[in-house]
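# Working through the structure, step by step
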Amino acid sequence: MSGYIVNENETFETFLRTKRILLDGKFPVVAKFLKMEASLIIETVKRLRDSNKRIIEMGCGSGRLLEELRNKNFVACGFDNDKLYVKYCKKRKLDVFYGDAIKKLSPKLKGKFKIVIIGFNTLFNFNKNLRKKWINNAKFLLEKGGSLIFTVYADNKITRTGVRQRVEFYKESISPKNGYIIRFSPGKSRIEMVYRNKTVWFSEWKTKNEIEKEIKSREGFKLKSIKLLDGKIAYFVELLKS
């Protein structure tokens, strides 16, 4: 994922994804979302896959989705720009290498994959210019007719109630006891996590119309489908490389 450093020992992704509070029932919303996301990705991969070793996850982080794919007997690889995550994944015998989704990728990877996955709202943890780099690299990795699939936290519209619920969601999920502050920036339509007066992570608030508009402005892809997970939590998007 992004690799924003929250302290010397862990990144925000580690803090959010792997703390037991998210997995032992104390905060089931995130765990529920991750399970739904994984299930939908598995279903999509089953429909799209035509051979082994043609699935790749950009910004694979701790290897959560790669492990789900392996458990379903799919062969997939991934890369991340956090060396600690790469080492962690390798220890678990996942096919993961070091790479940065916003930088030039190895020419050997060009057009080698049928499916590219970007999970857990990763794409919208970056500004529009950086998202463009992610999408361009996804296009680089995909063969013609290949699919890019990703999930995005979003709602049909931004409301005061929705803002309050979303801020509370993040407050509870990160438990800001040690200097973490959650704030909503109306002008930027995003929620930020601030640590020691520095924004260390943010999530842009995107509506379905905004997502569709941004996708349509990208050359080289066409929208295959966009659906709302669980009726309210996040959008699941599938694009085809044209």
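On a predicted model such as this, the values are computed, not experimentally measured, just so you know.

## Some words on the overall build of the protein chain
- What the protein chain contains, in helices and strands, is 7 helices and 10 strands.
- Per-residue burial for the protein chain yields a buried fraction of 53% across its 242 residues.
- Residue pairs in contact within the protein chain that sit at least 24 positions apart in sequence constitute 64% of those at least 6 positions apart.
- Approximately 12500 Å² of the protein chain is accessible, and the part contributed by carbon and sulfur atoms is 49%.

## Some details on the state of the cysteines
- Here the structure, examined in full by the defined rule, presents 0 disulfides.
- Just so you know, Cys-60 is unpaired, no disulfide at all, and the nearest cysteine sulfur is the one on Cys-89, 4.7 Å from it.
- Distance from the sulfur of Cys-77, which forms no disulfide, to the nearest cysteine sulfur (Cys-60) is 8.9 Å.

## A word on the pairing of strand β8 (residues 198-204)
- The buried fraction of β8 amounts to 5 of the 7 residues, a majority that puts the element mostly inside the structure.
- The antiparallel hairpin formed by strand β7 (residues 190-195) and β8 contains 2 residues in its connecting segment, where Arg-196 sits at a positive phi of about 55°.

## Some words on the sheet that holds strand β1 (residues 55-58)
- Read across the sheet, 7 strands follow the order β3-β2-β1-β4-β5-β10-β9 without closing on themselves; strand pairing throughout is mixed. Edge positions in the open sheet fall to β3 (95-98) and β9 (221-229), since each of these has one partner strand only. If you compare each strand with its neighbour and ignore which way they point, the axes differ by 20° on average.
- Relative to strand β10 (residues 234-241), β9 runs antiparallel, the two being bridged by 8 bridges. Across the sheet, Ile-226 pairs through a bridge with Val-237, a residue of β10.
- Against the sheet, helix α5 (residues 128-141) touches β1, β2 (77-80), β4 (113-118), β5 (142-153), β9 and β10, its axis set at about 145° to β5.

What counts as what
Residues numbered from 1 in each chain as written. Predicted model: local features only at pLDDT ≥ 70, side-chain atom pairs only at ≥ 80, totals over all residues. Heavy atoms only, no water. Helix = DSSP H or I, 4+ residues; strand = E, 2+ residues; numbered from the N terminus. Buried < 20%, exposed > 50% of the residue type's maximum accessible area, 1.4 Å probe, protein only. Contact = heavy atoms within 4.5 Å. Areas by Shrake-Rupley, 256 points an atom, 1.4 Å probe, with all protein chains shown as cover. Disulfide = S-S within 2.5 Å. Pairing = 2+ DSSP bridges. Axes fitted to C-alpha atoms, helices over the stretch in contact; angles between N-to-C directions.

Read these as spatial facts, not as claims about activity.
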